Amino acid sequence: MQTACRLLVKFTHGLRIYGRENLKKHKKALKSGAITIANHVFYFDLLCVLSAISPHLVYFPAWKTNLGGSNGPWIRLSGGIPIPDGDIRSMMSFNKALKDVLESDKWLHFYPEGSMWFYYPDIRPFKPAVFKLAVKYDRPIIPISMSFRPRKGLWRLFAKTPFVDLHIGEPLFPDKGLSPACAAEKLQRDAYHIMQVMNGIHPGDPTYNTDQDPDRYQKTM
């Protein structure tokens with residue numbers, strides 16, 4: 001499956017992957033499971049993630065509207081876990097599914113920005129839930145960011161969308177010397193900084209953002 005994913009996104013989006021050595025370096029620690037996170041920037045970005053972390057597979061939260069659409073069977077087959085729409089029973093089932101995945105040494109994938117902005121170059125503020133989950137189950141966060149480069153030559157004839165560069169950062173482990181709340185905040189802050197830097201956004205740049213409040217975030221394009 002992941003080989004097919006890699007070939008597809010290589011052809012359609014010119015996928016280049018950087019940082020695989022960060023997974024190999026921590027191979028032993030990652031055997032007990034991990035949580036990958038990435039910026040959500042186009043429909044096929046999950047295929048890019050699957051290509052990058054091969055041979056690992058991931059489970060991931062998916063909106064019920066997507067599961068009910070034409071791509072629903074593929075999403076379920078790929079590991080989609082329905083996001084509850086508010087009732088207590090659905091929420092309990094959702095939390096149990098996440099718990100089962102993490103306690104069985106498997107991998108989870110989240111988009112901590114919470115929504116997709118097509119081909120947006122910056123990293124938007126993160127929602128805290130995934131980092132609390134990482135602390136609760138003592139699982140590392142693997143930051144993954146996707147940035148873009150223009151198509152060149154004949155590739156411009158096939159589509160107008162940019163090509164994709166995917167960057168894998170070193171795993172971030174919960175700080176057991178901190179309270180759970182502080183450890184989750186540190187994971188969120190560190191992951192956000194690393195993903196900005198991997199996308200070429202550094203402290204002092206006009207687009208470098210330290211504010212994690214989505215309501216105050218300003219688009220930079």
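For the structure, check the block above.
Summary of the structure given here.

Procedures and definitions
Along every chain, residues carry numbers that run from 1 in the direction the sequence is written. Residue-level local features of this predicted model are given only where pLDDT is at least 70; pairs of side-chain atoms are given and counted only at 80 or more, and the full residue set underlies all totals for whole chains, interfaces and linings. Processing note: side-chain calculations cover all non-hydrogen atoms of the structure and skip hydrogens and water entirely. Relative accessibility thresholds used throughout: buried, under 20% of the residue-type maximum; exposed, over 50%; partly exposed, between the two (1.4 Å probe, protein chains only). In this description a helix means any DSSP run of H or I spanning at least four residues, a strand means any run of E spanning at least two, and both kinds are numbered starting from the N terminus. Any two strands with at least two DSSP bridges between them are considered paired. Whenever a helix is involved, its axis is fitted only over the stretch in contact; in every case the axis is a line through C-alpha atoms, and angles between N-to-C directions fall within 0 to 180 degrees. Whether two residues touch is decided by their heavy atoms; if any such pair falls within 4.5 Å, the residues are in contact. What makes a nonpolar core is a set of buried Ala, Val, Leu, Ile, Met, Phe, Trp, Tyr and Cys residues whose side-chain atoms join them at distances within 4.5 Å. Salt bridges, as used here, are contacts in which a Lys or Arg side-chain nitrogen is within 4 Å of a carboxyl oxygen on Asp or Glu.

1. Remarks on the pairing of strand E6 (residues 141–149)
Next, step 1: Within E6, 8 of the 9 residues are buried, which leaves it mostly tucked inside the rest of the structure.
Next, step 2: With 4 bridges joining them, strand E2 (residues 34–38) and E6 adopt parallel strand pairing. Paired with Ile37 across the bridge in E6 is Pro143.
Next, step 3: Two elements, E6 and strand E7 (residues 163–168), share 6 bridges in a ladder whose sense is antiparallel. Residue Phe148 lies in a different strand from E7, and its bridge partner there is Val164.

2. Re the pairing of strand E3 (residues 58–62)
Next, step 1: Extensive coverage of E3 is indicated by the burial of 4 of its 5 residues.
Next, step 2: As judged from the 2 bridges shared by E3 and strand E5 (residues 107–110), these two strands associate in the parallel manner. Looking across to E5, one finds that Tyr59 is bridged to Leu108.
Next, step 3: In terms of strand pairing, E3 meets strand E4 (residues 80–82) through 3 bridges, oriented parallel. Within E4, the position partnered with Ala62 by the bridge is Pro82.

3. Comments concerning the sheet that holds E3
Next, step 1: Across the sheet, 7 strands lie side by side as E1-E7-E6-E2-E5-E3-E4; this open sheet has mixed pairing. Since the sheet does not close on itself, it has two edges, and those belong to strand E1 (16–18) and E4, each with one partner. For this sheet the average axis-to-axis angle between neighbouring strands, irrespective of direction, equals 25°.
Next, step 2: In the packing of helix H9 (residues 180–198) onto the sheet, the strands contacted are E2, E6 and E7, and the crossing angle to E6 comes to about 25°.

4. With respect to the side chain of Ser145
Next, step 1: If you trace the backbone, Ser145 turns up in strand E6.
Next, step 2: Taking the relative accessible area as the measure of exposure, Ser145 reaches 0% and is therefore buried.
Next, step 3: Those residues in contact with Ser145 that sit more than four places away from it in its chain are Asn39, Asp165, Leu166, His167, Met195, Met198 and Asn199.

5. Some thoughts on the nonpolar core
Next, step 1: Of all hydrophobic cores here, the largest spans 29 residues; its most connected members are Ile35, Ile37, Leu108, Phe131 and Ile141.
Next, step 2: Going through the elements one at a time, E2, helix H7 (88–103), E5, helix H8 (129–136) and H9 are the ones with two or more residues in this core.
Next, step 3: The leading source of residues in this core is H9, at 7 residues.
Next, step 4: Dropping the residues within four chain positions of it, Ile141 is found in contact with Ile35, Ile37, Val130, Phe131, Ala134, Glu170, Pro171, Leu172, Leu187 and Ala191.

6. Structural notes on the pattern of salt bridges
Next, step 1: If you walk through the whole model with that rule in mind, you get 10 salt bridges.
Next, step 2: Residues Asp138 and Lys176 are paired through a salt bridge, measuring 3.1 Å at the closest nitrogen-oxygen approach. With Asp138 in the loop between H8 and E6 and Lys176 in the loop between E7 and H9, this residue pair connects regions lying 38 residues apart in the sequence.
Next, step 3: With relative accessibility at 67%, the residue Lys176 sits in the exposed group.
Next, step 4: We note a salt bridge from Asp165 to Arg149, for which the minimum N-O separation is 2.6 Å. Separated by 16 residues along the polypeptide, Asp165 in strand E7 and Arg149 in strand E6 bring together distant segments of the chain. In this pair, the class of Asp165 matches that of Arg149, namely buried.
Next, step 5: Ionic contacts of the salt-bridge type, sharing partners, join the residues Asp211, Asp213 and Arg216 into one network.

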